[in-house]
Amino acid sequence: DRDVLYYTTPGRDGLTIHEMVASTRRGRTVGSVPGARFGELADFEPLQGGGFAWLRQRDPLVYYQLPGDTTRQLDVPNTSITFTNSAPGGFGLALAGYSLPGGDTLRIWVADLRTRKVRQVWSGVMENVAVAWMPDGTIYGTLTERQGTRAGWTIYTDGRPPVRHGLVPFARATYRITADG
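To start, this report covers the structure provided alongside it. (Residues numbered from 1 in each chain as written. Predicted model: local features only at pLDDT ≥ 70, side-chain atom pairs only at ≥ 80, totals over all residues. Heavy atoms only, no water.)

## Considering the nonpolar core
Convention followed: Buried Ala, Val, Leu, Ile, Met, Phe, Trp, Tyr and Cys residues form a nonpolar core when they are joined through side-chain atoms within 4.5 Å. Each residue's exposure class comes from its accessible area (1.4 Å probe, protein chains only) as a fraction of the maximum for that residue type: buried when under 20%, exposed when over 50%, partly exposed otherwise. Each helix corresponds to a stretch of at least 4 residues labelled H or I by DSSP, and each strand to a stretch of at least 2 residues labelled E; elements are numbered beginning at the N terminus.
Membership of the largest hydrophobic core comes to 20 residues, with the highest contact counts inside it found for Leu106, Ile108, Trp122, Val129, Val131, Ile139 and Leu143. Going through the elements one at a time, β9 (92-99), β10 (106-112), β11 (117-124), β12 (127-133), β13 (139-144) and β14 (150-155) are the ones with two or more residues in this core. Top element by residues in this core is β12. It accounts for four residues. Within the second largest apolar cluster, 13 residues are counted, among which are Ala53, Tyr64, Ala111 and Leu113.

The structure is reproduced here in structure tokens:
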């Protein structure tokens with residue numbers, strides 16, 4: 001594992017993806033987001049097996065590109081996806097978003113990038129979600145509950161009910177969770 005910063009710059013046919021390794025401060029070009037313009041991405045996620053996934057502003061589809069492949073897309077039924085996180089090994093994505101058309105229900109999905117199939121693993125009336133796919137195959141999420149508290153949850157991808165772990169510090173903070181802590 002290494003600490004890496006990913007960033008995009010305008011390119012000839014879209015956005016160019018670069019990485020900078022923190023320990024060396026050296027950058028290199030690692031990919032592109034075809035057809036995208038600066039300021040158009042809503043979320044961007046490097047895939048652990050190589051490649052990238054991204055969301056575009058006001059676009060219901062999830063886009064991804066595996067190494068050596070063309071850009072593909074996932075259609076998540078009746079959900080506006082707002083957050084992505086790569087699965088261990090790069091085989092999938094955890095997706096979080098809100099129901100359409102009203103946006104009143106938070107939904108968490110898992111996507112298999114090889115088959116392009118998505119399935120819902122959790123839904124509830126919560127907001128402000130951050131999710132991370134853990135090495136054991138579960139998804140850890142911080143969710144703001146109805147009463148305004150921010151709690152940590154384990155969401156199982158095999159159908160077991162979710163487990164609430166308690167409150168997380170600093171309820172009015174933005175979280176980005178990583179599998180290694």
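Following the structure, the description resumes.
## Regarding the pairing of strand β2 (residues 14-21)
For clarity, the cut-off: Each pair of strands is called paired provided DSSP finds at least two bridges between the two strands.
With seven of its eight residues buried, β2 lies for the most part within the structure. By the bridge criterion, seven bridges tie strand β1 (residues 4-10) to β2 in an arrangement that is antiparallel. The residue bridging Pro10 from the neighbouring strand is Leu15, located in β2. Count of turn residues in the β1/β2 antiparallel hairpin: three residues. Counted along the chain from β2 to the antiparallel partner strand β3 (residues 26-34), the turn is four residues long, and its residue Arg25 has a positive phi close to 60°.

## Regarding the sheet that holds β3
Short version of the rule: Only the stretch in contact is used when a helix axis is fitted, and all axes are lines through C-alpha atoms; the angle between N-to-C directions ranges over 0 to 180 degrees.
Spatial ordering of the open sheet is given by β1-β2-β3, a layout of three strands whose pairing is antiparallel. Among the strands making up the open sheet, the edge pair consists of β1 and β3. Taken pair by pair, the neighbouring strands of this sheet meet at an average axis angle of 25°, ignoring direction.

## What about the pairing of strand β7 (residues 72-75)?
With four bridges connecting them, strand β6 (residues 61-65) and β7 associate as antiparallel partners. Paired with Leu61 across the two strands is Asp75, which belongs to β7. Connecting β6 to the next strand, β7, in antiparallel fashion are six residues, including Gly68 with a positive phi near 75°.

## Remarks on the sheet that holds β12
Within the open sheet, the four strands sit side by side as β12-β13-β14-β15. Their pairing is antiparallel. Because the sheet does not close on itself, it has two edges, and the strands there are β12 and β15 (163-167). Across this sheet, the average inter-strand angle for adjacent strands is 20°, counted without regard to direction. Where β12 meets β13, five bridges bridge the pair, whose relative direction is antiparallel. In the sheet register, Ala132 faces β13, and the bridge partner there is Tyr140.

## Things to note about unusual backbone geometry
For Arg25, which is not glycine, the phi torsion reads 60° and is therefore positive. Here Arg25 lies in the loop between β2 and β3. With a relative accessible area of 61%, Arg25 lands in the exposed category. Although it is not a glycine, Asn78 adopts a positive phi angle of roughly 50°.

## Describing the packing of aromatic side chains
To be explicit about the condition: Only centres within 6.5 Å qualify two rings of Phe, Tyr or Trp (six-membered ring in Trp) as a pair; their planes then separate them into stacked at under 30 degrees, edge-to-face at over 60, and tilted for everything else.
The full count for this structure, using the stated rule, is three aromatic pairs. Plain terms: the ring middles of Phe44 and Phe52 are 5.3 Å apart, the flat faces sit at 20° to each other, and that makes the pair stacked. Both residues of the pair, Phe44 and Phe52, belong to the buried class. With 6.2 Å between their ring centres and 10° between their planes, Trp54 and Tyr63 make a pair best called stacked. Residue class for Trp54 comes out buried when judged on its relative accessible area of 1%.

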